[in-house]
Amino acid sequence: MKSIGKGEGQVDIVAWPGYIERGETDKAYDWVTAFEKKTGCKVNVKTAGTSDEMVALMNEGGFDLVTASGDASLRLIAGKKVAPVNVKLIKSWSSVDSRLQDAPWHTVNGVHYGVPYQWGSNVLMYNTEAFKGEAPKSWKVVFEEMDLPDGKSNKGRVQAFDGPIYIADAALYLMATKPDLGIKDPYELTEEQYKAALDLLRGQRKIVQRYWHDAMVQVDDFTNEGVVASSSWPFQVNLLVSQKKPIASTLPAEGATGWADTTMMHVDAKHPNCAYMWMEHSIDPKVQGDLAAWFGSVPSVPAACKGNDLLGAEGCKTNGAEDFEKIHFWRTPVAKCPTQAAGCVPYYRWVSDYIAVLGGR
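Since we're looking at a predicted model, the values are computed, not measured.

### Considerations on the pairing of strand E1 (residues 10-15)
Side chains on a regular strand alternate between the two faces of the sheet. Counting buried positions along E1 gives 5 out of 6 residues, so the element sits mostly inside the fold. Pairing of E1 with strand E2 (residues 42-47), which is carried by 6 bridges, proceeds in the parallel orientation. Bridge pairing in E2 places Val 11 opposite Val 43. Following the chain from E1 across helix H1 (residues 33-39) to the adjacent parallel E2, one finds a crossover that is right-handed.

Have a look at this one:
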């Protein structure tokens, strides 16, 4: 493709919930209607709640684009399900954060497989009443049984993320608390390090109220089910705060895992012209700022942080724009890994072993 031709009339996108809004939930948040008017490309969205679901949908086909997190993007590239993207056709490419332009989760051998969309960290969301107004300093409050500042045990009052990539959260905690394990990267684990992470998760299972994957269910659990601490996304935190609930979030001392999402195009996209138009539209500063305000994420276009009414002057800072260096971004664990000469445990084992942990094995 040397230039973008005429639109084909529609574009079909697999996206995270809240990522592509047309004003149905809140009139102020709409970055679809104007795009459809301008391009004649009708936007159809299928939401997916996990990275594994996104990979499955892309494997089935019938979609043009996906907003893939780093634990899905390399799998899609390796599986030859997404096409290289010609960044020369993305007029605003140079406006993308330089730290993301060549990021290893969507760039292979110098070839780009997508356009960075948004990024953020998995925060520790907590109930300020249970913690007596003081932010927990460590992820320990969700991993190990203990009494919280309100004098009650954390058992049955904490949650964990329902996805194999959560093994990295356990590894990150051990990286700080058990340095003798020698973990250098939470996505690159030797057999011994991996076993230690699984053991920690098996212990955690005894105190977990629910493994969450639906953001709205988690919001309900913090509101009605007495849950007081969990890994979460800024999206849930912002929503609960807007409802005047006693909720806050923090990045503990150990750091955090996080996600940097990329809009990637299916190798058999039926509407490639509309897809390229959407990728260009997706990094428009207004779209980026509005989305960051809605989702609680950080724009991949730094210019979006200034002058956006919905985001406000401090919005990017509130959503963690200054935490980039503290975040270990999701990516697919592979057997051949730079930090371990003997090799690492690959992702397919993370999947089967995490299911076993959830099942009490």
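### With respect to the state of the cysteines
Taken as a whole and assessed by the stated rule, the structure comprises 3 disulfides. Covalently, Cys 41 is tied to Cys 274 through a disulfide, its sulfur atoms 2.1 Å apart. Around the S-S axis, the bridge from Cys 41 to Cys 274 shows a dihedral of about -80° and counts as left-handed. With Cys 41 in the loop between H1 and E2 and Cys 274 in helix H10 (residues 272-282), the pair connects residues that are 233 residues apart, well separated along the chain. Owing to a relative accessible area of 0%, Cys 41 belongs among the buried residues under this scheme. There is a disulfide in this structure between Cys 337 and Cys 344, and the S-S distance comes to 2.0 Å. Sign of the S-S torsion, about 75° for the bond between Cys 337 and Cys 344, identifies this disulfide as right-handed. Cys 344 shares its class with Cys 337; the two are buried. Each bonded cysteine in the protein gets a number by its place in the sequence, and the pairs come out as 1-2, 3-4, 5-6.

### Quick look at the environment of Thr 262
Within the secondary structure layout, Thr 262 lies in strand E12 (residues 256-265). Separated by 17 residues in sequence, Thr 262 and Met 279 place their C-alpha atoms 9.8 Å apart. Apart from residues no more than four positions distant in its own chain, Thr 262 is found in contact with Val 66, Thr 67, Ala 68, Trp 105, His 106, Tyr 113, Gly 114, Val 115, Pro 116 and Tyr 117.

### Concerning the pairing of strand E10 (residues 229-232)
Here E10 shows no split at all, with Ala 229 and Ser 231 on one side and Ser 230 and Ser 232 on the other all buried. Pairing of strand E8 (residues 158-161) with E10, which is carried by 2 bridges, proceeds in the parallel orientation. Bridge assignment links Val 158 to a residue of E10, and that residue is Ala 229.

### Here's the deal with the pattern of salt bridges
Within this structure, the stated rule accounts for 13 salt bridges. A salt bridge links Asp 97 to Arg 99; the shortest N-O distance between them is 3.0 Å. Residue Arg 210 is joined to Asp 221 by a salt bridge in which the shortest nitrogen-to-oxygen separation is 2.6 Å. With a gap of 11 residues between them, Arg 210 in strand E9 (residues 208-212) and Asp 221 in helix H8 (residues 215-224) connect regions that are remote in the sequence. A relative accessible area of 1% places Asp 221 in the buried class. A cluster of three or more residues bridged by salt bridges with shared partners is formed by Asp 185, Glu 188 and Arg 331.

Thresholds applied
Residues numbered from 1 in each chain as written. Predicted model: local features only at pLDDT ≥ 70, side-chain atom pairs only at ≥ 80, totals over all residues. Heavy atoms only, no water. Buried < 20%, exposed > 50% of the residue type's maximum accessible area, 1.4 Å probe, protein only. Helix = DSSP H or I, 4+ residues; strand = E, 2+ residues; numbered from the N terminus. Pairing = 2+ DSSP bridges. Right-handed = clockwise from strand over helix to strand, strands pointing away. Disulfide = S-S within 2.5 Å. Contact = heavy atoms within 4.5 Å. Salt bridge = Lys/Arg side-chain N within 4 Å of Asp/Glu carboxyl O.

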